[in-house]
Amino acid sequence: MSTSPIHVVGGGLAGSEAAWQIAQAGVPVILHEMRPVRGTDAHKTEGLAELVCSNSFRSDDSTSNAVGQLHWEMRRLDSLIMAKGDAHQVPAGGALAVDRDGFSQAVTAALEAHPLVTIARGEIAGLPPAEWDKVIIATGPLTSPALAEGIKSLTGESELAFFDAIAPIVHFDSIDMDTAWFQSRYDKPGPGGTGADYINCPLDRDQYEAFIDALLAAEKTEFKEWEGTPYFDGCLPIEVMAERGRETLRWGPMKPVGLTNKHNPTVKAYAVVQLRQDNALGTLFNMSGFQTKLKYGEQASIFRMIPGLQNAEFARLGGIHRNTYLNSPKLLDPTLRLKSDPRLRFAGQITGCEGYVESAAIGLLTGRLAAAERLGRELELPPATTALGALVNHITGGHIVTIDEGPRSFQPMNINFGLFPHIEGVASHGPDGKRLKGPAKSVARKQALTARAKSALDGWISGTQARAAE
């Protein structure tokens, strides 16, 4: 008896990887790519897995870098994207960078040559036909308007974001809590809160004035022509607020009212930067109201001027740009199926992951999940202690919905160690017997996390193979 095909919509990195995984599992797949029948504002070719921005897959260090660990896991799972990336690598130090044309051509050729893959060129104008019983939508931030409208008809218009207004996110363990303190404004607990839900970083007048000077002098990135300028009063960049008057921030996201510095209760801060918890693990905190178009290098140096953040490590920096993504923790089940229509799965950036590798990794997982379902098998999700499992956990429920009346907090995210569950028993002393401090302590923790992830992934693969053989 022939097996019905699975349909994958979108021939980017996520869709290409999903199609490959499905075909490698022995299930036919139809990969739908609208280019060249319908182009986009960013793509230049009709090749699959075209890299439209950087040609870098970022760090390839799988011992102390989260994206390097994700590389390692994808290679272990027969990733087409990683295989062709490795085959078309160009010099980039410790990073994996690729020849973009050679890479795209190789991915396209591999999928065209696979006997179980059919590539269909043309736009899916609206929701996939009802007779397609298993579909993966991997259309990314440049989803066509017709398909985006179709998705919105299932999810509600408010559940798709067409512009990100992203504030920087900081690793909690890099915040100086001898300077900062936990407190909600006026000690109000808010829904689900305790009254001490924000981390507060105080600035005196001189520090505030220096901060404003730095904001005004810093280099900003510009919107791409096709993005427009989506500023509205609810998400003004902090540098735009500063341009409207030197006191604007102090009466906006940096207002000092209703707060008492527990380290120095008799001195009133001139301004306060607040950070709120961003994920359920409590490892990441979001700089409240600090969306920005500052260039990345400028952001890191300027935000480290803030007392308490002088040694801040950023899980992601801020930005405002066009994007199309789901409020996935609300709309998707743990296996990335749409709760309101489970025949539809989502993969890649539309789910709320960020980056080439992360998009491809979610494509890899959705392809495996869809193929297992088609074959009547059960596929457990990878452990949350793996990079892949941590990323999926973020997408489907690892965030904090909100701890005040502010906007939903779910935002696109790169893989980072803040998404991994806490680890105990990290070595406190080096081989020389000296206590680890500062960067050395951080490296030891990262190495422990990647070692745990490798062991967990190997166990997951062994368990999956054993169940398939039964």
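Above this text you will find the structure in question.
Throughout what follows, the structure given in this document is the object of discussion. Since we're looking at a predicted model, the values are computed, not measured.

Cut-offs and rules
Residues numbered from 1 in each chain as written. Predicted model: local features only at pLDDT ≥ 70, side-chain atom pairs only at ≥ 80, totals over all residues. Heavy atoms only, no water. Axes fitted to C-alpha atoms, helices over the stretch in contact; angles between N-to-C directions. Helix = DSSP H or I, 4+ residues; strand = E, 2+ residues; numbered from the N terminus. Parallel < 35°, antiparallel > 145°, perpendicular 65-115°, else oblique. Contact = heavy atoms within 4.5 Å. Nonpolar A, V, L, I, M, F, W, Y, C, P; charged D, E, K, R; others polar. Core = buried A, V, L, I, M, F, W, Y, C linked by side-chain atoms within 4.5 Å. Buried < 20%, exposed > 50% of the residue type's maximum accessible area, 1.4 Å probe, protein only. Phe/Tyr/Trp six-rings, centres within 6.5 Å; stacked < 30°, edge-to-face > 60°. Lys NZ or Arg CZ within 6 Å of the ring centre and 35° of its normal. Salt bridge = Lys/Arg side-chain N within 4 Å of Asp/Glu carboxyl O. Pairing = 2+ DSSP bridges. Expected span 1.5 Å × (residues − 1).

1. Thoughts on the packing of helix α10 (residues 356–374) against helix α11 (residues 387–396)
No. 1: Direction vectors running N to C along α10 and α11 enclose 90°, while the axes themselves pass 10 Å from each other. Classified by the interaxial angle, the pair formed by α10 and α11 is roughly perpendicular. From α10, Glu 358, Ala 361, Ile 362, Leu 364 and Leu 365 reach across to α11, where they touch Leu 388, Leu 391, Val 392 and Ile 395.
No. 2: Class assignment of the residues belonging to the contact of α10 with α11 gives a composition of eight nonpolar, no polar and one charged.

2. Quick word on the nonpolar core
No. 1: With 82 residues, the main nonpolar core has Phe 57, Leu 70, Leu 111, Phe 346, Ile 415 and Phe 420 as its most contacted residues.
No. 2: Here this core takes eleven residues from α10, the largest share from any one element.
No. 3: Beyond its immediate sequence surroundings of up to four residues, Phe 346 is in contact with Ile 137, Ile 151, Leu 326, Leu 332, Leu 336, Leu 338, Thr 351, Ile 362 and Thr 366.
No. 4: By size, the runner-up hydrophobic cluster in this structure holds 36 residues, among which are Ala 180, Ala 271, Met 287 and Ile 302.

3. Some words on the packing of aromatic side chains
No. 1: Enumeration according to the criterion identifies ten aromatic pairs in this entry.
No. 2: With a centroid separation of 5.6 Å and 35° between ring planes, the pair formed by Phe 172 and Phe 285 is classed as tilted. Within this pair, whereas Phe 172 is found in the loop between β9 (169–171) and β10 (181–182), its partner Phe 285 is found in strand β13 (residues 284–287), the two being separated by 113 residues in sequence.
No. 3: When the centroid spacing of 6.1 Å and the interplanar angle of 65° are considered together, the rings of Phe 182 and Phe 285 count as edge-to-face. In this pair, Phe 182 is assigned in strand β10 and Phe 285 in strand β13, connecting sequence segments 103 residues apart.
No. 4: Phe 285 gets classed as buried once you look at its relative accessible area, which sits at 3%.
No. 5: Chaining the aromatic ring pairs together yields one cluster made of Phe 211, Phe 290, Phe 303 and Phe 314.
No. 6: Across from the ring centre of Tyr 270, 3.8 Å away, lies the NZ or CZ of Arg 250, which sits over that ring.
No. 7: One cation-aromatic arrangement involves Lys 454 over Trp 72; the distance from NZ or CZ to the ring centre is 5.3 Å.

4. So, the pattern of salt bridges
No. 1: Tallied over the entire structure, the rule returns 17 salt bridges.
No. 2: For Arg 58, the salt bridge is made with Glu 358, and the minimal N-O distance between the two is 2.5 Å. Taken together, the positions of Arg 58 in strand β3 (residues 56–59) and Glu 358 in helix α10 put the pair 300 residues apart, joining distant regions of the chain.
No. 3: The partner of Glu 373 in a salt bridge is Arg 345, with the nearest N and O atoms 2.8 Å apart. Remark: Arg 345 occurs in strand β17 (residues 341–346) and Glu 373 occurs in helix α10; sequence separation between them is 28 residues.
No. 4: Among the residues examined, Arg 345 registers a relative accessible area of 4% and is labelled buried.
No. 5: Three or more residues are tied together by salt bridges with common partners; here these are Lys 134, Asp 333, Arg 337, Arg 345 and Glu 373.

5. Points about the pairing of strand β1 (residues 6–9)
No. 1: Side chains Ile 6 and Val 8 of β1 all project onto a buried face; the interleaved residues His 7 and Val 9 project onto the opposite face, where all are buried too.
No. 2: Direction of pairing for β1 relative to strand β7 (residues 135–137): parallel, over a ladder of three bridges. In the sheet register, Val 9 faces β7, and the bridge partner there is Ile 137.

6. Some thoughts on the sheet that holds β10
No. 1: Pairing is antiparallel in the open sheet, where six strands are placed in the order β10-β11-β12-β13-β9-β14. The open sheet is flanked by β10 and β14 (314–316), the only strands paired with a single partner.
No. 2: Sheet analysis places β9 next to β14, joined by two bridges and oriented antiparallel. Counted as the bridge partner of Val 170 is Phe 314 from β14.

7. Considerations on α10
No. 1: With 19 residues, α10 ought to run about 27 Å at 1.5 Å a step, and its terminal C-alpha atoms sit 27 Å apart, in line with that.
No. 2: The buried fraction of α10 is high, at 17 of 19 residues.
No. 3: Once α10 ends, the next one or two residues include Gly 376, with phi positive near 75°.

Honestly, it's all geometry; don't read function into it.
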